[in-house]
Amino acid sequence: MDEDFSIDPDNLLHAINLMSRDYGFVDPIDLPVALPEQGMGSSSVMDFLAPSILGCAARLGAASSFAHMDPPTPWITWAMSLWNASLNQNLLHPATAPVARHIEQRVVGWLAPFFGMTGGHMTPGSTLANLTALWSARECAGINEVVASENAHLSIGKAAHILGLRFRALPCDPSGALIAESLPDDLTRTALVLTAGATSTGAIDSLDLVGRAAWTHVDAAWAGPLRLSKHAQRLAGIELADSVAVSAHKWLFQPKESALVLFRDTDQAHAAISFGGAYLAVPNVGVLGSHGATALPLLATLLAWGRQGISARIEHCMDLAEQLAAFIKGDHRLALYTEPQTGIVVWRPNDIETFDKLLKQLPVGAASTTTIARQRWFRNVAANPNANINLLITEVQKALQ
Ligand SMILES: *Cc1c(COP(=O)(O)O)cnc(C)c1O
């Protein structure tokens, strides 16, 4: 019996205890250049790695963390990830994952109706959800080109490239949304991709345009979860799309890699991207081969919080973005790019000379930057319900002095 494959409560508890230790300043990890000939043993590995892995990591749930779409994750997802790693289920083989397959179908079944979709499956991110959706579009609707705004995520152009489809980027209005008048007249062989929550500005393309093309895909990687909240109407029209992408590892607070591709006609879409194999008991649907029970942490989160618990966190994040935007509007030294629509706040100092000074002085993780029309802006993303906006405001004021 090889003990390294069995439950070791003392060492697993040690792993948890290492998580809450304060490591202070840590040097970057010093790893052997070549593969070690002899192992150091599993429990020594934890002590060896903890200072740099845990001590050097960005803390996404810290009070000053308000920069990226990566949220802190609730502890229930850590527990479920541990179960997942130990079971190593493979959704490709029902025999190794009888429950996991069921769980994914149920979770997808819970979430799809919020988007007007009938089903779909999980992918490791919206990059792959977008690719999967456009693959279905090519098979089901015979499209030969993809049209999206110039603000669309790079994964749209990438998917078009992989699928051998022409890609056209259309101009945006000052809010960052697609200019409807720029749409080509003939969309009979076109997949139109509308972005709900652009990565840079949070803008939502007009979802009135859903249905104009042979296939409409809505990339709701970031803002999709607003559908579970009181802000659902901001994405009104999404329910008429042919497919939707949503990243669960963004505003559903899941560990990576967790996302959903959803379809209005799931049977048709899945049939079009399904492959059999002699050794497979069920067809392989989508881009991935072997894949794990990503749905388990999501299921546990949805059971623990319910829709109300999810929406409370998202609505709180939206409030935090509003508070920050109100401060920026009220300070004559600062300019707000546009009213935040989906929890993304874009702003800069009026005196652009002070941009770099601000950037240097703000705490790490307090803001990211983005370039719009060749101008640099600060960007805040409300993915962290534990962010303290007053603290952030104080830091900006300090840096402006
Ligand atoms: C983050 C993002 C993506 C890519 O999603 P991943 O989950 O990082 O692969 C696609 N589109 C938009 C609008 C995004 O914000």
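Reference entry: report on the structure contained in this document. (Residues numbered from 1 in each chain as written. Predicted model: local features only at pLDDT ≥ 70, side-chain atom pairs only at ≥ 80, totals over all residues. Heavy atoms only, no water.)

1. Overview of the sheet that holds strand β7 (residues 259-263)
Within a sheet, adjacent strands bond to each other through the backbone by hydrogen bonds, running parallel or antiparallel. Put simply, the rule is: Between any two strands, at least two bridges found by DSSP are needed for them to pair. Going along the chain from the N terminus, every DSSP run of H or I of four or more residues is numbered as a helix, and every run of E of two or more is numbered as a strand. Only C-alpha atoms enter the line fits that serve as axes; for helices the fit covers just the stretch in contact. Angles between N-to-C directions range over 0 to 180 degrees. What makes two residues a contact is simply this: any of their non-hydrogen atoms within 4.5 Å.
Pairing within the open sheet is mixed, and its seven strands lie in the order β1-β7-β6-β5-β4-β2-β3. Edge positions in the sheet fall to β1 (119-123) and β3 (166-170), since each has one partner strand and no second. Within this sheet the neighbouring strands show an average axis-to-axis angle of 20 degrees, counted without direction. Judged from the five bridges that link them, strand β6 (residues 243-247) and β7 form a sheet pairing that is antiparallel. Within β7, the residue paired with Val246 across the bridge is Leu260. On top of the sheet, helix α6 (residues 154-163) reaches β2 (145-149), β3, β4 (190-195) and β5 (215-219); it is set at about 155 degrees to β3, its chief contact.

2. Notes on the packing of helix α5 (residues 126-141) against α6
Just so we agree on the cut-off: Every angle not falling under 35 degrees, over 145, or within 65 to 115 is termed oblique; those three ranges are roughly parallel, roughly antiparallel and roughly perpendicular. Crossing chirality is assigned from the near helix's rotation relative to the far helix, an anticlockwise turn below a right angle marking it left-handed and a clockwise turn marking it right-handed. Gly falls in the polar group here, along with every residue not listed as nonpolar (Ala, Val, Leu, Ile, Met, Phe, Trp, Tyr, Cys, Pro) or charged (Asp, Glu, Lys, Arg).
It is the contact of α5 with α6, at a shortest axis distance of 9 Å, that shows an interaxial angle of 45 degrees. When the interaxial angle is binned, α5 and α6 end up oblique. Relative to α6, the crossing made by α5 is right-handed. Seen from α5, the contacting residues are Thr127, Asn130, Leu131, Leu134, Trp135 and Arg138; seen from α6, they are Ser155, Ile156, Lys158, Ala159, Ile162 and Leu163. Taken together, the residues of the contact of α5 with α6 sort by class into seven nonpolar, three polar and two charged.

3. Details of a negative patch on the surface
Stated precisely, the cut-off is as follows: Note on patches: the residues involved have over 30% relative accessible area and no salt bridge, like charges join within 9 Å, and the nonpolar side chains Val, Leu, Ile, Met, Phe, Trp and Tyr join within 5 Å. What sets the accessible areas is the Shrake-Rupley method with a 1.4 Å probe; for residues, cover comes only from the shown protein chains. The rule for a salt bridge is simple: a side-chain nitrogen of Lys or Arg has to be within 4 Å of a carboxyl oxygen of Asp or Glu. None of His or the chain ends enter the tally, which takes Lys and Arg as positive and Asp and Glu as negative. Charge placement uses NZ in Lys and CZ in Arg. For Asp and Glu, CG and CD serve respectively. Any residue under 20% of the maximum accessible area for its type is buried, any over 50% is exposed, and the rest in between are partly exposed; the area is computed with a 1.4 Å probe on protein chains only.
Together, Asp2, Glu3, Asp4, Asp8 and Asp10 make up a negatively charged patch on the protein surface. Classification of Glu3 by relative accessible area gives exposed; the value is 56%.

4. A few points about the pattern of salt bridges
For the structure shown, the criterion picks out 10 salt bridges. A salt bridge links Glu145 to Arg166, with the shortest nitrogen-to-oxygen separation between them at 3.2 Å. Remark: Arg166 occurs in strand β3 and Glu145 occurs in strand β2; sequence separation between them is 21 residues. Beyond isolated ion pairs, a larger network of salt bridges with shared partners links Glu145, Arg166 and Arg168.

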